[in-house]
Amino acid sequence: MAILFRLASVLALLAALLAGTVDAVRSVSETAVVMTPLGIAVASISTSGLEMIEALERPGGSFAAMQPVVRWFLQQPAFAVFLIVALLFWMAGYRPARRRQLA
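Residues numbered from 1 in each chain as written. Predicted model: local features only at pLDDT ≥ 70, side-chain atom pairs only at ≥ 80, totals over all residues. Heavy atoms only, no water.

Asker: What am I meant to see in unusual backbone geometry here?
Answerer: A negative phi angle is the norm for most residues apart from glycine, just as the trans form is the norm for most peptide bonds. Of note, the phi angle at Thr-31 is positive, near 50 degrees, even though the residue is not glycine. Within the secondary structure, Thr-31 is located in the loop between helix H1 (2-30) and helix H2 (38-45). (Helix = DSSP H or I, 4+ residues; strand = E, 2+ residues; numbered from the N terminus.)

Right under this line is the structure:
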């Protein structure tokens, strides 16, 4: 199970690097700091991402209690959210090194 968490951590880290690189390139080209929010980044990937974001922001339903938290996360910079997710997955999959005993 730990290997799956570590794999998910690597994938989230790659997504953070990609989002950070895109933001850096856009910042240089516009000569202003650009940080793409997570909601816009996910919605720009595909139409299914846009539909998912719209479903999360739709009022009512069984998901209404978590809606403020989800909306807050969707407004944060994409690279920062992916870095936090990568850290959480890494911590979940962390296994301390085994101590070697002298023979």
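Asker: Honestly, the environment of Thr-21 in this entry has me stumped. Any pointers?
Answerer: Looking at the secondary structure, you find Thr-21 in helix H1. Distance in space between the C-alpha atoms of Thr-21 and Phe-79 is 8.9 Å, their sequence separation being 58 residues. Polar side-chain contacts of Thr-21 include one of 2.7 Å to the backbone oxygen of Leu-17. (Polar contact = N/O pair within 3.5 Å; in protein donor to acceptor, adjacent residues only side chain to side chain.)

Asker: What is the right way to read the packing of aromatic side chains from this model?
Answerer: Two aromatic rings, taken as a pair, are described by how far apart their centres are and by the angle between their planes. Scanning the entire structure with this criterion turns up three aromatic pairs. Taking 5.2 Å as the distance between ring centres and 50 degrees as the angle between the ring planes, the aromatic pair formed by Trp-90 and Tyr-94 counts as tilted. In this structure Trp-90 comes out as partly exposed when scored by relative accessible area, which is 43%. (Phe/Tyr/Trp six-rings, centres within 6.5 Å; stacked < 30°, edge-to-face > 60°. Buried < 20%, exposed > 50% of the residue type's maximum accessible area, 1.4 Å probe, protein only.)

Asker: Hey, could you run me through the confidence of the model for the chain in this one?
Answerer: Averaged over every residue, the pLDDT of the chain is 89; residues scoring 70 or more account for 97%. Put simply, helix H3 (residues 47-57) is where the chain has its lowest mean pLDDT, 81, and helix H5 (residues 78-93) is where it has its highest, 96. (pLDDT = per-residue confidence, 0-100.)

Asker: Is there a simple way to explain the pattern of salt bridges in this structure?
Answerer: When their charged atoms lie close together, side chains carrying opposite charge are able to pair. Inspection of every chain in the model, using the stated rule, returns one salt bridge. A salt bridge links Arg-26 to Glu-30; its shortest N-O distance comes to 4.0 Å. Pair noted here: Arg-26 and Glu-30 are both in helix H1, with a separation of four residues, about one helical turn. (Salt bridge = Lys/Arg side-chain N within 4 Å of Asp/Glu carboxyl O.)

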